[in-house]
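Here is how the chains run, residue by residue.
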Amino acid sequence: MLHDIPPLAEVRRVTEKKRDAWWTVLLVDPVATPLVRFTARRARWVTPNGITWAALVLGLGAAACFAQGDWRWLLAGAALYHVSFVLDCMDGKLARLTGTGSVFGAWLDYVFDRVRVLFCAVALMGGQYVRTGDVLYVWLALAVVFLDMLRYVDALQIFKIRHGMRKQIKARARQARRAGAEREVAFMEDLLRDNPEAETEVGTRADADAADAAGADAAGVVAVPVAGAAADGGPEEAGLPGAAVAPVPTGVVDLHQEFRSRFPWYARFRTFLLRRRIRTHLVSGIEFQMAVFIVGPAVGALVPVTVGAAVLLLVFELAIIYKLLLSTRDFARTLASFDAQEKEERPELPAAA
């Protein structure tokens with residue numbers, strides 16, 4: 001029934017990510033989200049996996065255009081690639097809206113994305129090599145494929161490491177509770193994801209004295225307020241003006257405390273972007289692909305745009321790795337705080353005679 005599909009505002013809330021690439025937020029979601037609602041209402045035979053296949057077909061069509069080498073074909077390929085990416089964003093949105101997503105569908109979407117990049121990179125640079133005979137285009141094809149692989153492999157590994165750190169901290173907290181310490185933990189990252197407005201104040205603590213005044217210890221475990229409870233006890237949407245602030249009776253582990261102390265401006269910058277649903281990783285795999293396969297062919301500057309996008313992607317990847325390094329230091333200090341607390345609470349053994 002048509003009335004089962006909610007209004008567009010609700011569809012946006014359900015289907016659009018809280019944080020996404022700026023290209024997606026500004027140039028894709030305004031088109032993809034209404035199309036998803038229309039599809040769910042008028043074409044219920046369309047499935048998320050079907051859209052994934054359609055995105056791949058259009059991506060291969062873009063590759064076929066790129067292979068021709070002529071600037072008219074490059075424009076056609078750029079247009080097809082953008083439409084393919086719009087469809088690529090629609091499959092996940094439709095799955096979230098209709099509850100028809102699957103684990104296999106997520107795998108299919110990921111693999112098809114990599115296939116599309118591979119074919120388009122080879123076709124785009126190969127077409128230019130055939131046209132000009134310049135071996136530089138061969139190296140650019142290899143660079144595009146390598147950097148796309150690097151970005152997504154690195155993202156997966158960083159996610160696994162961060163997940164592992166959080167898992168270890170939670171395990172130590174459970175161990176402390178069993179020992180009678182009654183130590184609970186929450187993660188600052190989770191609180192700020194729901195209430196990004198709070199990060200402005202958190203991020204301005206640039207020195208240890210300010211952190212101590214806020215209740216932080218050397219391990220980065222702090223007790224902070226978090227929005228989300230109304231003054232009368234009723235729920236309110238976290239982060240909206242008027243939401244009451246309720247104290248959190250547990251320690252909050254901040255695995256980005258050292259990064260924030262080194263770069264106090266980052267909190268305000270991140271909050272500014274989050275208000276617009278834009279993630280701080282401004283040049284990631286998505287922006288890199290769009291630069292190579294859309295902007296470069298469209299403006300007739302394939303080499304400088306590809307090289308520039310590659311440099312920016314590497315800069316942002318190095319920044320992410322540096323942030324991870326600082327996070328591991330916060331992680332080590334957090335574990336050390338558990339050890340120190342357990343040592344204080346454990347009775348001293350009698351000295352040997």
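As shown above, the structure is provided for reference.
Below you will find a few notes about this structure. Source: prediction; values computed, not measured.

## Some words on the packing of aromatic side chains
Taken as a whole and assessed by the stated rule, the structure comprises twelve aromatic pairs. Consider the rings of Trp53 and Phe112, whose centres lie 4.7 Å apart with planes at 75 degrees: the pair is edge-to-face. Residue Trp53 is located in helix 3 (residues 48–68), and its partner Phe112 is located in helix 5 (residues 103–132); the two are separated by 59 residues in the primary sequence. Accessibility expressed as a relative area gives 47% for Trp53, which makes it partly exposed.

## Here we look at the packing of helix 3 against helix 4 (residues 71–98)
Viewed as axis vectors pointing N to C, helix 3 and helix 4 meet at an angle of 165 degrees, and their least axial separation amounts to 8 Å. By the angle between their directions, the pair helix 3 and helix 4 is classed as roughly antiparallel. For the element pair helix 3 and helix 4, the recorded crossing hand is left-handed. In terms of residue class, the contact of helix 3 with helix 4 is built from 19 nonpolar, six polar and two charged.

## Notes on the nonpolar core
Nonpolar side chains tend toward joint burial in soluble globular proteins. Residues Phe66, Tyr81, Leu124, Met125, Phe288 and Phe293 are the most contacted members of the largest nonpolar core, which totals 47 residues. Going through the elements one at a time, helix 2 (22–42), helix 3, helix 4, helix 5, helix 6 (136–178), helix 12 (285–299) and helix 13 (302–345) are the ones with two or more residues in this core. The element best represented in this core is helix 4, accounting for ten residues. Among residues more than four places away in sequence, those in contact with Phe66 are Leu74, Gly77, Ala78, Cys120, Ala123, Leu124, Gly127, Phe293 and Pro297. Met165, Ala176, Val185 and Phe187 belong to the second-largest nonpolar core, a separate cluster that totals 13 residues.

Reading guide: rules and limits
- Residues numbered from 1 in each chain as written.
- Predicted model: local features only at pLDDT ≥ 70, side-chain atom pairs only at ≥ 80, totals over all residues.
- Heavy atoms only, no water.
- Phe/Tyr/Trp six-rings, centres within 6.5 Å; stacked < 30°, edge-to-face > 60°.
- Helix = DSSP H or I, 4+ residues; strand = E, 2+ residues; numbered from the N terminus.
- Buried < 20%, exposed > 50% of the residue type's maximum accessible area, 1.4 Å probe, protein only.
- Axes fitted to C-alpha atoms, helices over the stretch in contact; angles between N-to-C directions.
- Parallel < 35°, antiparallel > 145°, perpendicular 65-115°, else oblique.
- Left-handed = near helix turned anticlockwise from the far one by under 90°.
- Nonpolar A, V, L, I, M, F, W, Y, C, P; charged D, E, K, R; others polar.
- Core = buried A, V, L, I, M, F, W, Y, C linked by side-chain atoms within 4.5 Å.
- Contact = heavy atoms within 4.5 Å.

Geometric descriptors of this kind do not, in isolation, establish any biological role.
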